[in-house]
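# Survey of secondary and tertiary structure
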Amino acid sequence: MSFDKRILCIGAGYVGGPTMAVIASKCPRYSVTVVDVDQGRVDAWNSGKPPIYEPGLDEVVRQGLGRNLFFTTDIARGIRENDIIFVSVNTPTKTFGAGAGLAADLQYWELAARQILEHAESSKIVIEKSTFPVKTAQAMERILMSRNDGIHFDVLSNPEFLAEGTAIRDLMNPDRVLIGSRSTERGLKARDELVQIYANWVSRERILTSNIWSSELSKLASNFFLAQRISTINAISAVCEKTGADVTEVAKIVGMDSRIGSKFLNASIGFGGSCFKKDILNLVYLCRVEGLEEVADYVERVVRINEYQKERFVLNMLTAMFNTLAGKKICLFGFAFKADTGDTRESPAIDVTRRLLEEHAEIVVTDPQALVSAREDLADLERGVSYVADPYEAIRGCHAIAVMTEWSLYRELDYRKIHDLMVKPAFVFDGRNILDHQALFEIGFNVYPIGKRPMSHF
Ligand SMILES: NC(=O)c1ccc[n+]([C@@H]2O[C@H](COP(=O)([O-])OP(=O)(O)OC[C@H]3O[C@@H](n4cnc5c(N)ncnc54)[C@H](O)[C@@H]3O)[C@@H](O)[C@H]2O)c1
């Protein structure tokens, strides 16, 4: 079959896989190939059982597989045979050398750029889909320009705004699609080509175009704004606990101001995920390099409040449970960084587990999707943690429940039965404020929500 366009994506992860599956489903006349260095990941995609959990994803992938959606490890062939190349590789925080702990580690994208350079036999449009530091497109252009043989590469920035857990919905129905380009004739032509792809299902007024640097910076700025809201309401939750105010009431009142809005105002154990922390630290690094120390300090505070919230949670547990957690069994309800994903990257549960172990507590982890990742995250620990899929089994003989992830299943459990299975006095620390605290209190639990008065029988 001949296709109208041939699209390649380098990187079959949380972004590349779902995004390309949706493009293939919305554009049946385009061929969409996704390449990855990880054979296991590619095999999982090809089996129709994706390597990541995302509601609605399996179906979209199965529709496209073998028709116009292909997963492979053959990067050279992928580059040769496709004209439009998305780069959706990982961009973690650097752990070594200059900028360690702040800057993005760009070795994966640079390798991808060099592979494009090596294998391309015709001109290509290269699209930054990963979240890159501002000015990465320029560096990519410089690498790609080095061939000088008439083959031309037009680099566009097209950051992804999907949220894990709602990726398919977000991709099918995005608030906006952002495309940054050069304003040269070639740049604008490449931009229009990408606009055309999205216009297959996204209305034109939601497809925004900008200069390339605005596009790169807007992704970092969006994540800063979102994370800032979480850290702000979490800072307020600490004040609530000291003053007797209730953070849910405060958030509702504040959020009804239409200038503020009600989303992203849930107090919690803190944000996680692979993006917020690294993107904010990236912004901090950019500011420091540019000499904007005041701005860097302001931005960095958002991450610091997030760390503080996790530490506060553990200290609240310690204080409530008579100032010692040694030998006590604590069951973590959830390990994923949010509901409806199996992703545990930067999950608050990781830090909470490690801190509780320092207090010599024993940890039992339960989660409907993330137990495999949880084991990997804590693989260095020799003892003190067990993993149990069934929450009723997990809770047997525990002194406390700590809710880490807002899975809806935790709202529906039989808490009378759970109370019977636990050591008394039994405690609940609701790090997501999702449970019915009054009902738990009446069953006999001592209940410690975030940003609200504790309900204790003592
Ligand atoms: N996860 C999210 O919710 C989200 C949302 C928006 C943006 N982003 C951004 O998208 C980017 C990708 O994130 P992700 O969560 O999909 O990462 P990921 O780690 O799940 O996937 C990246 C994939 O790229 C592959 N890869 C790396 N180098 C390669 C190469 N040279 N050739 C082929 N494959 C290669 C890796 O094996 C991996 O499978 C990051 O920059 C991230 O910040 C992520």
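Parameters and conventions
Residues numbered from 1 in each chain as written. Predicted model: local features only at pLDDT ≥ 70, side-chain atom pairs only at ≥ 80, totals over all residues. Buried ≥ 20, exposed ≤ 12 C-beta atoms within 10 Å, placed from the backbone. Helix = DSSP H or I, 4+ residues; strand = E, 2+ residues; numbered from the N terminus. Right-handed = clockwise from strand over helix to strand, strands pointing away. Near = placed C-beta within 6 Å. Nonpolar A, V, L, I, M, F, W, Y, C, P; charged D, E, K, R; others polar. Contact = placed C-beta atoms within 7 Å. Domains from an automatic or database assignment. Core = buried A, V, L, I, M, F, W, Y, C linked by C-beta atoms within 7 Å. Pairing = 2+ DSSP bridges.

## Quick notes on the pairing of strand E6 (residues 153–157)
Among the five residues in E6, five count as buried, and that is most of the element. Of the two faces of E6, the one lined by Phe153, Val155 and Ser157 and the one lined by Asp154 and Leu156 are each fully buried. Assessed by its sense of winding, the connection that carries the chain from strand E5 (residues 124–128) through helix H6 (residues 136–144) to E6 is right-handed.

## Brief notes about the site of the ligand
Lining the immediate environment of the ligand, one finds 28 residues, of which Gly11, Gly13, Tyr14, Val15 and Ser130 sit closest. Looking at the shell around the ligand, the element that brings in the most residues is helix H5 (residues 107–119), giving four residues. Looking at the shell around the ligand residue by residue, the class counts come to 13 nonpolar, 10 polar and five charged.

## Considerations on the environment of Gln309
Within the element layout of this structure, Gln309 appears in helix H12 (residues 293–320). Residue classification places Gln309 among the buried positions, given that 24 C-beta atoms sit within 10 Å. Each C-alpha atom, one on Gln309 and one on Gly431, is 10.0 Å from the other, the two residues being 122 residues apart in sequence. Not counting the four nearest positions on each side in its chain, Gln309 is found in contact with Asn234, Ile269 and Gly270.

## Regarding the domain arrangement of the protein
Size of an interface, as often reported, equals the accessible area lost when the parts are brought together. When the domains of the protein are assigned, the result is domain 1 (5–202) and domain 2 (211–458). Placing the centre of domain 1 and that of domain 2 at their C-alpha centroids yields a distance of 32 Å. Counting only elements with at least two residues in the side of domain 1 that touches domain 2, the list comes to H6 and strand E7 (177–181). With four residues, E7 is the single largest residue contributor to the side of domain 1 that touches domain 2. Here the side of domain 1 that touches domain 2 is built from residues that sort into 16 nonpolar, nine polar and four charged.

## A closer look at the nonpolar core
Grouped together as the largest cluster of nonpolar side chains are 78 residues, with contacts concentrated most on Ile85, Val87 and Val126. Apart from residues lying up to four places away in sequence, Val126 is in contact with Ile85, Val87, Ile116, Met140, Leu144, Phe153 and Val155. Counting 47 residues, the second largest nonpolar core, distinct from the first, contains Leu332, Phe335, Ala402 and Ala426.

## With respect to the pairing of strand E10 (residues 362–366)
Judged by how many residues are buried, E10 sits mostly within the fold: five of five residues are covered. Where burial is concerned, the two faces of E10 agree: the one with Glu362, Val364 and Thr366 and the one with Ile363 and Val365 are both buried. You can see the chain leave strand E9 (residues 329–333), run along helix H13 (residues 348–358) and come back into E10, and the turn it takes is right-handed. Where E10 lies against strand E11 (residues 385–387), three bridges are found, and the strand directions are parallel. Bridge assignment links Val364 to a residue of E11, and that residue is Ser386. Taken together, E10, helix H14 (residues 371–377) and E11 form a β-α-β motif whose crossover is right-handed.

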